Amino acid sequence: MSEGSSGDEYAVGVPEERGRDRDADGEASTIIESRDLSVWYNDEQALRSVSMEIPEKRVTAMVGPSGCGKSTYLRSINRMNDLIDAARVEGEMLFDGKNVYDDDVDPVALRRRIGMVFQQPNPFPKSIYDNVAYGLRLQDRTENLDEKVEQALRDAALWDEVKDQLDQSGLDLSGGQQQRLCIARAIAVDPEVVLMDEPASALDPVATSKIEDLIDDMAEEYTVVIVTHNMQQAARISDKTAVFLTGGELVEFDDTEKVFENPENDRVEDYITGKFG
Ligand SMILES: Nc1ncnc2c1ncn2[C@@H]1O[C@H](COP(=O)(O)OP(=O)(O)OP(=O)(O)O)[C@@H](O)[C@H]1O
């Protein structure tokens, strides 16, 4: 519980050190903005007219009870919902001011700029090196490949653990290392945004803590949007928090400290203090 919060009233406090360096930079500009974004799966509405501005080079957390639409929102940002036949999107999702759902947007090119890391670590059945080099080779960016692979592994806080075994299969790593390998793979191609869907939920507390430290560092260079079930995690690592509640409604979006220590909405307060969800 941080100083200045209201004691035991709230179950989750925001650590004093969270985001301190980034806060010193002042307000960040908006990189992603949804305007009245609604998503349906067949007749079921998963998101209801969600408007939100996500700041650049910050960590934005999406929290809320199961089924409230967090992952749907995340997948709307880089059009991963396109891969689901039943999904239908209305409204706008602006990235750098351009609606990603415009006809002239190539979703594959979009996903190069907006990478994604999933709940279950999913390295390719290839060597550690080849996992990281994969996207660069695909894009024909093989100049100085060794250096690029090393840099991505360093940025993902994995280099020291794997530098002598780059030829070994990525699948032989521990779960936490595999997830950092997936993060290295995502950042090797220099995306502007990294979307993370519960990236630590399959990991033990030590591996989780490494991923959280890494996310904090990543925000120096990237915009990170993370879905998490874990309120403490959202409070620890994010600058902004979006709270979705059942029915796909965004009920609160503000600085993480404000959301956790003095939420505007009674239902949000009930949710983050653990009264439901
Ligand atoms: N591929 C799909 N096909 C049909 N319905 C879906 C699909 N994916 C999600 N839904 C439905 O959309 C709603 C929102 O789901 P979503 O996965 O976005 O929520 P969530 O908040 O991320 O949930 P969780 O925390 O459990 O992962 C749910 O009612 C879910 O059943």
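Up top is the structure these notes are about.
Residues numbered from 1 in each chain as written. Predicted model: local features only at pLDDT ≥ 70, side-chain atom pairs only at ≥ 80, totals over all residues.

Caption draft 1: Here's a closer look at the overall build of the chain. In terms of helices and strands, the chain carries eleven helices and ten strands. When contacts within the chain are restricted to residue pairs at least 6 apart in sequence, those whose partners lie at least 24 apart make up 69%. (Helix = DSSP H or I, 4+ residues; strand = E, 2+ residues; numbered from the N terminus. Contact = placed C-beta atoms within 7 Å.)

Caption draft 2: Quick look at the sheet that holds strand β4 (residues 87-95). With antiparallel pairing, four strands are arranged side by side in an open sheet as β2-β1-β4-β5. Each having just a single partner strand, β2 (44-55) and β5 (98-99) make up the two edges of the open sheet. The pairing of strand β1 (residues 30-41) with β4 spans eight bridges and is antiparallel. The partner of Trp40 across the bridge, within β4, is Arg88. (Pairing = 2+ DSSP bridges.)

Caption draft 3: Region of the structure containing the nonpolar core. One finds Met62, Ala184, Ile187, Val194, Leu195, Val224 and Val225 to be the most contacted residues of the largest nonpolar core, which totals 71 residues. Ranked by the residues each element gives to this core, the list is headed by helix α7 (residues 175-188), at seven residues. When neighbours within four sequence positions are excluded, Met62 is seen to be in contact with Lys70, Tyr73, Leu74, Val225, Val227, Ala242 and Phe244. (Core = buried A, V, L, I, M, F, W, Y, C linked by C-beta atoms within 7 Å. Buried ≥ 20, exposed ≤ 12 C-beta atoms within 10 Å, placed from the backbone.)

Caption draft 4: Representation of the site of the ligand within the structure. Every residue near the ligand is listed here: Tyr41, Ala46, Gly64, Ser66, Gly67, Cys68, Gly69, Lys70, Ser71, Thr72, Ile84 and Ala86. A per-element tally of the shell around the ligand places helix α2 (residues 70-77) first, with three residues. Looking at the shell around the ligand residue by residue, the classes come out as five nonpolar, six polar and one charged. (Near = placed C-beta within 6 Å. Nonpolar A, V, L, I, M, F, W, Y, C, P; charged D, E, K, R; others polar.)

Caption draft 5: Spotlight on the packing of helix α4 (residues 128-138) against α7. Across the interface, α4 lies against α7 with an axial gap of 7 Å and an inter-helix angle of 25°. By the criterion of interaxial angle, the relationship of α4 to α7 is roughly parallel. As α4 packs across α7, the resulting crossing turns out to be right-handed. For the pair α4 and α7, the contacting residues are Ile128, Asn131, Val132, Tyr134, Gly135 and Leu136 in the first and Leu181, Ala184, Arg185 and Ala188 in the second. Split into classes, the residues belonging to the contact of α4 with α7 amount to seven nonpolar, two polar and one charged. (Axes fitted to C-alpha atoms, helices over the stretch in contact; angles between N-to-C directions. Parallel < 35°, antiparallel > 145°, perpendicular 65-115°, else oblique. Left-handed = near helix turned anticlockwise from the far one by under 90°.)

Caption draft 6: Spatial organisation of the sheet that holds strand β6 (residues 114-117). Spatial strand order, β6-β7-β8-β3-β9-β10: six strands in an open sheet with mixed pairing. At either margin of the open sheet sits one strand with a lone partner, and together these are β6 and β10 (249-255). Pairs of neighbouring strands in the sheet enclose a mean axial angle of 15°, with direction left out of account. Direction of pairing for β6 relative to strand β7 (residues 193-197): parallel, over a ladder of four bridges. Looking at β7, one finds that Ile114 is bridged to Val193.

Caption draft 7: View of the pairing of β10. One ladder, built from six bridges, connects strand β9 (residues 240-245) with β10; its direction is antiparallel. Bridge pairing links Val243 to Glu252 in β10. If you look at the hairpin formed by β9 and β10, you'll find three residues sitting between the two strands, and Gly247 has a positive phi there, around 100°.

Caption draft 8: Up close: α2. A large share of α2 lies buried, amounting to seven of its eight residues. Regarding α2, the residues found buried are Lys70, Thr72, Tyr73, Leu74, Arg75, Ser76 and Ile77. Downstream of α2 by one or two residues, Arg79 has phi in the positive range, about 60°.

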